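Chain and residue survey
For reference, the chains in residue letters:
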Amino acid sequence: MAEHNESAAYPVGLRLAGRRVVVLGGGQVAQRRLPALIAAGADVLLISPSATPSVEAMADAGEMRWERRRYRDGDLDGAWYALISTDDPEANRAASAEAEARRVWAVRSDDADAATAWTPATGRSEGVTVAVLTGRDPRRSAAVRDAIVEGLRDGSLTAPHFRSRPATGHVALVGGGPGDPDLITVRGRRLLAGADVVIADRLGPRDLLDELPPHVEVIDAAKIPYGRAMAQEAINNALIEHARAGKSVVRLKGGDPYVFGRGMEEAQALAEHGIPCTVVPGISSTISVPGAAGIPVTHRGVAHEFTVVSGHVAPDDPRSLVDWEAVARLRGTLVLLMSVENIGAIADTLVRHGRAAGTPVAVVQEGTTAAQRRVDATLATVSERVKAEGIRPPAVIVVGDVVTVGTGR
């Protein structure tokens with residue numbers, strides 16, 4: 001085998017749509033690389049005894065196949081590309097040898113020199129994908145990538161100036177928007193690019209994690225519906241621990257940090273420990289997801305107000321803080337978050353307290369992402385429709401006459 005060197009890498013764009021890609025290991029590396037492979041349309045097979053919550057969610061959503069076991073010889077049969085990232089060095093070596101024998105291009109997360117392919121630092125802007133390879137200097141790869149992408153966005157193509165880090169750590173609570181990576185704010189993206197540690201939610205713009213250089217530690221704080229969850233106290237402790245170590249920490253949250261995002265709890269915990277904190281507002285799914293589905297939350301002559309309610313607690317639950325009788329009397333638009341599980345009880349309660357059973361309802365699942373879909377119903381039929389269509393969180397539910405504005409529905 002010829003000796004590998006930095007000048008030997010030949011850059012190429014792989015067209016993986018419909019072609020088998022085998023990913024060995026379901027940890028942090030897979031979590032960061034899988035979204036891009038899925039977005040490329042690859043037929044992804046994950047082989048790993050376990051996986052992070054976010055990786056597990058991708059499998060549960062049918063975005064890839066997952067075989068819960070360790071690597072076995074022959075697993076790369078028929079693969080066009082392989083990502084080898086298990087925590088077993090011997091398995092990695094064996095898989096790498098199989099890839100070499102089968103002529104499958106393979107990335108090794110634990111030994112770049114033994115790999116037949118390297119993952120570049122990638123970025124996207126206006127339909128252009130930028131990929132940068134600088135051999136064994138991933139930080140420089142990421143910096144060059146960032147300069148080009150930023151230049152494409154503002155027309156300058158000038159590399160940004162790098163500032164020295166403060167001696168003390170800092171935390172930024174960044175609202176990542178509803179899911180589309182282009183909908184994060186410029187300030188949020190810049191803070192993310194300079195982070196040492198990123199603590200990310202599943203509902204954040206996960207494609208942005210693929211742009212992070214390898215030295216950035218990504219901590220999965222996914223609160224997955226019906227699945228595993230990381231306790232809020234553990235998230236607070238992780239923010240404090242890494243900031244005290246002098247690191248730049250980004251808490252990447254879906255939507256806006258202060259809209260059902262528990263951002264204030266995190267800010268209060270940081271303040272109690274004297275840790276500086278920056279809050280970066282994000283585009284809330286309450287308006288962006290309906291907008292992406294063609295629904296204005298207000299419209300002249302139709303709705304003069306919109307009300308946002310969390311439905312994670314059922315109306316008859318004593319823990320509920322919502323005055324559902326008052327909400328039912330409102331004439332404007334009602335936007336329901338975290339309400340898929342309880343939509344039947346919510347719809348019945350609204351009708352019982354005076355909202356017309358024929359009121360239009362739209363359910364928008366995974367709004368602003370490639371997987372977005374919209375299901376229309378009424379208060380009388382929405383529970384049945386949600387079940388029949390297999391709607392799963394995250395989804396935003398819009399109730400009111402604005403649902404039919406401009407649609408002809």
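Coordinates for the structure precede this section.
Because the structure is a prediction, the values reported are computed rather than measured.

Reading the values: rules and limits
- Residues numbered from 1 in each chain as written.
- Predicted model: local features only at pLDDT ≥ 70, side-chain atom pairs only at ≥ 80, totals over all residues.
- Heavy atoms only, no water.
- Helix = DSSP H or I, 4+ residues; strand = E, 2+ residues; numbered from the N terminus.
- Buried < 20%, exposed > 50% of the residue type's maximum accessible area, 1.4 Å probe, protein only.
- Contact = heavy atoms within 4.5 Å.
- Core = buried A, V, L, I, M, F, W, Y, C linked by side-chain atoms within 4.5 Å.
- Pairing = 2+ DSSP bridges.
- Axes fitted to C-alpha atoms, helices over the stretch in contact; angles between N-to-C directions.
- Phe/Tyr/Trp six-rings, centres within 6.5 Å; stacked < 30°, edge-to-face > 60°.
- Lys NZ or Arg CZ within 6 Å of the ring centre and 35° of its normal.
- Parallel < 35°, antiparallel > 145°, perpendicular 65-115°, else oblique.
- Left-handed = near helix turned anticlockwise from the far one by under 90°.
- Nonpolar A, V, L, I, M, F, W, Y, C, P; charged D, E, K, R; others polar.

Tracing the sequence through the fold places Thr-278 in strand 12 (residues 277-280). Exposure remark for Thr-278: the relative accessible area of 17% places this residue in the buried category. With residues up to four places along the chain from it excluded, the contact list for Thr-278 reads His-170, Val-171, Ala-172, Leu-173 and Arg-187.

Here the focus is helix 1 (residues 28-39). Those residues of helix 1 that sit buried are Ala-30, Gln-31, Arg-32, Arg-33, Leu-34, Pro-35, Leu-37 and Ile-38. Where helix 1 is buried, its residues touch strand 1 (20-24), strand 2 (43-47), helix 2 (53-60), strand 4 (81-84) and strand 10 (217-220). Of the residues one or two after helix 1, Gly-41 is the one with positive phi, at around 85°.

A word on the nonpolar core. Within soluble globular proteins, side chains that are nonpolar tend to cluster in buried spots. Judged by nonpolar contacts, the single largest core of 22 residues is most densely connected at Leu-336, Leu-350, Val-363 and Val-382. Of all the elements in the fold, those that place two or more residues in this core are helix 9 (324-329), strand 14 (333-337), helix 10 (343-352), strand 15 (360-365), strand 16 (373-378), helix 11 (382-389) and strand 17 (395-399). If you tally residues by element for this core, the top one is helix 10, at four residues. Val-23, Leu-37, Val-44 and Val-107 belong to the second largest nonpolar core, which has 20 residues in total.

Right, let's get into the sheet that holds strand 15. Ordered by their spatial adjacency, five strands build an open sheet running 13-14-17-15-16, and the pairing between neighbours is mixed. Edge strands, defined here as strands with exactly one partner in the open sheet, are strand 13 (306-310) and strand 16. Between one strand and the next, the sheet's axes are offset by a mean angle of 20°, whatever the strand orientation. Where strand 15 meets strand 16, six bridges bridge the pair, whose relative direction is antiparallel. Residue pairing across strands places Ala-362 opposite Asp-376, the latter belonging to strand 16. Sheet strands in contact with helix 8 (residues 285-292) are strand 13, strand 14, strand 15 and strand 17, and its direction is about 80° off that of strand 17.

To continue, consider the packing of aromatic side chains. The final tally for this structure, using the stated rule, is zero aromatic pairs. Note that Arg-19 overlies the ring of Trp-80, its terminal NZ or CZ placed 4.7 Å from the centroid. Over the face of the ring belonging to Trp-66 we find Arg-68, whose NZ or CZ atom lies 3.7 Å from the ring centre.

As a general feature of sheets, a regular strand has side chains that alternate between the two faces. Taken across its six residues, strand 11 (residues 248-253) has six buried, putting it largely inside the fold. Every second residue of strand 11 is oriented toward a common face, with Ser-248, Val-250 and Leu-252 on one face and Val-249, Arg-251 and Lys-253 on the other, all of them buried. Summarising the sheet, strand 8 (residues 170-175) and strand 11 pair through six bridges and their orientation is parallel. Within strand 11, the position partnered with Leu-173 by the bridge is Arg-251. Examined bridge by bridge, strand 9 (residues 197-200) and strand 11 share four bridges and lie parallel to one another. The partner of Val-198 across the bridge, within strand 11, is Val-250.

One way to put it is that helix 10 packs onto helix 11 with a least axis distance of 8 Å and a crossing angle of 165°. Here helix 10 is positioned roughly antiparallel relative to helix 11, judged by the angle of their axes. The chirality of how helix 10 crosses helix 11 is right-handed. Residues Ile-343, Gly-344 and Ala-347 of helix 10 form the contact with helix 11, whose own contacting residues are Val-382, Ser-383 and Val-386. Class assignment of the residues belonging to the contact of helix 10 with helix 11 gives a composition of four nonpolar, two polar and no charged.

What follows is about the sheet that holds strand 5 (residues 105-108). Pairing within the open sheet is parallel, and its five strands lie in the order 3-2-1-4-5. Either end of the sheet is taken by a strand with one partner, and the two such strands are strand 3 (65-67) and strand 5. In this sheet, neighbouring strand axes are inclined to one another by 15° on average, regardless of whether the strands run parallel or antiparallel. The sheet strands contacting helix 3 (residues 89-102) are strand 1, strand 4 and strand 5, and the helix crosses strand 5 at an angle near 160°.

Before going further, it helps to examine the packing of helix 1 against helix 2. Where helix 1 contacts helix 2, the two axes come as close as 9 Å, and the packing angle between them is 30°. As judged from the angle between their axes, helix 1 and helix 2 are roughly parallel. Of the two elements, helix 1 crosses helix 2, and the hand of that crossing is left-handed. Residues Ala-30, Gln-31, Leu-34, Pro-35 and Ile-38 of helix 1 lie in contact with helix 2, whose contacting residues are Ser-54, Val-55 and Met-58. Grouping the amino acids of the contact of helix 1 with helix 2 by side-chain chemistry returns six nonpolar, two polar and no charged.

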